[in-house]
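# Structural overview for review
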Amino acid sequence: MEDCPVRHIAFIMDGNGRWAKKRLLPREYGHKVGAEVFEKIVGYCSDIGINAVTVYAFSTENWKRPKHEIEAIFGLFSDYIDNRTETLMKKNVRLVFIGDRSVFSPDLRKRMEAVENKTINNEKLLFVAINYGGRSEICHAVNELIAEGATEVSEEDITAHMYTKLAPDPDLIVRTGGEYRLSNFLLWQSAYSEIYVTDTLWPDMTNEDVDRALNEFKRRNRRFGGL
Ligand code: IPE
Ligand code: IPE
Ligand code: MG
C-alpha cells in the first residue's frame, strides 16, 4: 500500500455548478455536496498511501462570481476549518492552506492558523488552495526573495518559496468536469505533472474514479525530457 507511485496528487475539483444545474438545484447545493466529496476523496487518497494531496477550492479568479455563491463557498470553508481538527489528527494529516490569505478577515486567518498549528506535526499533507492563483504564487515567492535581499534568483530559490515547498511537485493532476486547462493551478509545480481529465463532475467523483486515474498514471511514460 505504501508503494503507491504517486507521492503527490492534486485535484481541480470542477463541475459543482453543472452538477446542481442538471438537477435543477442552486449552484450552492453543488458546492455543499462537493465539500462532502472532497473529504471522502482526500480520505481515500490517504488510505491508499498517497502522502500529499492538493485540492483547488477557490481561485483568485473565482471572485468574479455572484456574491451569494462566494459566500456559500466561504461558509463551507469556515465550517470545515472549525470542525475537522479531530478527523485530521486521527488520520495523521497536516492541513496547510495555500493562496493569498492577506485579503481574509483577521478572524478567519486566525482560525486557519489554529488548525494549521494543531496539525503541524502530522505526517501526511493536505494543501487546500483558497484564493489561490499560480501566477500570484510565483509573484509572492519572488517578492519574498526580494525582501530577503536577492538580486538574482534560481529555480531552486523559487521552488523553496512556493506555498507547497513541504511536498514534491505533484506527480498527477486530476481535473473533473471535462475542461482541458489548468485554470491558474500550480503553474510552477506542474512542469512535469501528468494530467488526467475526466468528464465526471466533482460531486459524482468516486474512489473508483481515483483508481482509474491512478491506473492511467501507471501506463504513462514519464520522460522528463530524456529518452
Ligand atoms: C468548481 O465547480 C468549484 C469552484 C470553482 C469553487 P464550479 O463551481 O466551477 O462548477 P461548474 O464548472 O460551474 O460546473
Ligand atoms: C477552477 O475551476 C477553480 C477551482 C476548481 C477552484 P473554474 O471553474 O474556476 O475554472 P474555469 O473558469 O472553467 O477555467
Ligand atoms: Mg468550473
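Here the structure is shown first, and the text comes after it.
The present account deals with the structure reproduced in this document. (Residues numbered from 1 in each chain as written. Chains lettered and ligands numbered in written order. Predicted model: local features only at pLDDT ≥ 70, side-chain atom pairs only at ≥ 80, totals over all residues. Heavy atoms only, no water.)

### Focus on unusual backbone geometry
Operational definition: The numbering of helices and of strands both runs from the N terminus, where a helix is a DSSP run of H or I of at least 4 residues and a strand a run of E of at least 2. When a residue's accessible area, from a 1.4 Å probe over protein chains only, is under 20% of the maximum for its type it is buried; when over 50% it is exposed; and in between it is partly exposed.
Although it is not a glycine, Ser183 adopts a positive phi angle of roughly 50°. Along the chain, Ser183 turns up in the loop between strand S5 (172–175) and strand S6 (194–197). Positioned with a positive phi, Asn184 is a non-glycine residue whose angle comes to about 70°. With respect to the element layout, Asn184 can be found in the loop between S5 and S6. Overall, the relative accessible area of 15% leaves Asn184 in the buried class.

### Overview of the packing of helix H2 (residues 27–47) against helix H8 (residues 207–219)
Just so we agree on the cut-off: All axes are obtained by fitting lines to C-alpha atoms, using only the stretch in contact for helices, and the reported angles, taken between N-to-C directions, cover 0 to 180 degrees. Put simply, angles under 35 degrees are roughly parallel, angles over 145 are roughly antiparallel, angles from 65 to 115 are roughly perpendicular, and the rest are oblique. Left-handed describes a crossing in which the near helix is turned anticlockwise from the far one by less than a right angle; the clockwise case is right-handed. Whether two residues touch is decided by their heavy atoms; if any such pair falls within 4.5 Å, the residues are in contact.
One way to put it is that H2 packs onto H8 with a least axis distance of 10 Å and a crossing angle of 50°. Judged on the interaxial angle alone, H8 and H2 are oblique. You can see that H2 and H8 cross each other, and the crossing is right-handed. On H8, the residues that touch Lys40, Ile41, Tyr44 and Cys45 of H2 are Asn207, Val210 and Asp211.

### Re the sheet that holds strand S1 (residues 8–12)
Heads up, the condition is: We treat two strands as partners when DSSP finds at least two bridges between them.
Overall, parallel pairing links the six strands, which are arranged S3-S4-S2-S1-S5-S6 in an open sheet. On the outer flanks of this sheet lie strand S3 (93–98) and S6, each paired with one strand and no other. The average angle at which neighbouring strand axes cross in this sheet is 20°, direction not considered. Bridge analysis of S5 against S6 gives four bridges, and the strand direction is parallel. Looking across to S6, one finds that Ile173 is bridged to Ile195.

### Digging into the site of ligand 1
Our working definition: We define proximity as follows: a residue is near a molecule or strand when any one of its heavy atoms falls within 4 Å of that partner. In protein, a polar contact means a hydrogen-donor-capable atom and an acceptor-capable atom, both N or O and within 3.5 Å, with residues adjacent in sequence counting only if both atoms are side-chain atoms; elsewhere, any N or O pair within 3.5 Å suffices.
The immediate surroundings of ligand 1 are formed by 13 residues, with Asp14, Gly17, Arg18, Arg27 and Arg65 found nearest. Separating an oxygen atom of ligand 1 from a side-chain N or O atom of Asp14 is a distance of 2.8 Å. One of the side-chain N or O atoms of Arg65 is found 2.7 Å from an oxygen atom in ligand 1. Counting residues per element, the ones that place at least two in the shell around ligand 1 are helix H1 (16–22), H2 and helix H3 (67–83). The element best represented in the shell around ligand 1 is H1, accounting for three residues.

### Brief notes about the site of ligand 2
In plain terms, the rule: Surface accessibility follows the Shrake-Rupley procedure with a 1.4 Å probe radius. Residue values consider only the protein chains on display as shielding. Just so you know the grouping, Ala, Val, Leu, Ile, Met, Phe, Trp, Tyr, Cys and Pro go in nonpolar, Asp, Glu, Lys and Arg go in charged, and all remaining residues, Gly too, go in polar.
As a matter of local geometry, ligand 2 sits amid Ile12, Met13, Asp14, Tyr56, Ala57, Phe58, Asn62, Arg65, Arg175, Arg181 and Ser183. Measuring from an oxygen atom of ligand 2, one finds a side-chain N or O atom of Asn62 at 2.9 Å. In the environment of ligand 2, an oxygen atom lies 2.8 Å from a nitrogen or oxygen atom belonging to the side chain of Arg181. For ligand 2, whose unbound accessible area comes to 390 Å², protein coverage reaches 78%. Top contributing element to the shell around ligand 2 by residue count: strand S2 (residues 52–59), with three residues. Grouping the constituent residues of the shell around ligand 2 by class yields five nonpolar, two polar and four charged.

### Examining the environment of Pro106
Along the chain, the position of Pro106 falls in helix H5 (residues 106–118). With relative accessibility at 66%, the residue Pro106 sits in the exposed group. The sequence separation of Pro106 and Lys64 amounts to 42 residues, and the corresponding C-alpha distance is 23 Å.

### A few points about helix H6 (residues 134–147)
Just so we agree on the cut-off: An expected span of 1.5 Å times one less than the residue number is assigned to each helix.
Spanning 14 residues, H6 covers 20 Å between terminal C-alpha atoms, matching the ideal 20 Å at 1.5 Å per step. Those residues of H6 that are buried are in contact with strand S4 (124–132) and helix H7 (155–160). Of the residues flanking the end of H6, it is Gly149, one or two places downstream, whose phi is positive at about 100°.

### Some details on H8
Selection rule: The arc refers to the directions leading from the helix axis to the C-beta atoms.
With 13 residues, H8 extends 19 Å between its outermost C-alpha atoms, agreeing within 8% with the 18 Å of an ideal straight helix rising 1.5 Å per residue. Every buried residue of H8 is accounted for by Asp209, Val210, Ala213, Leu214 and Phe217. End-on, the buried residues of H8 take up no more than an arc of 140°, which puts them together on one face. Among the exposed residues of H8, those pointing more than 90 degrees away from its buried face are Lys218 and Arg219.

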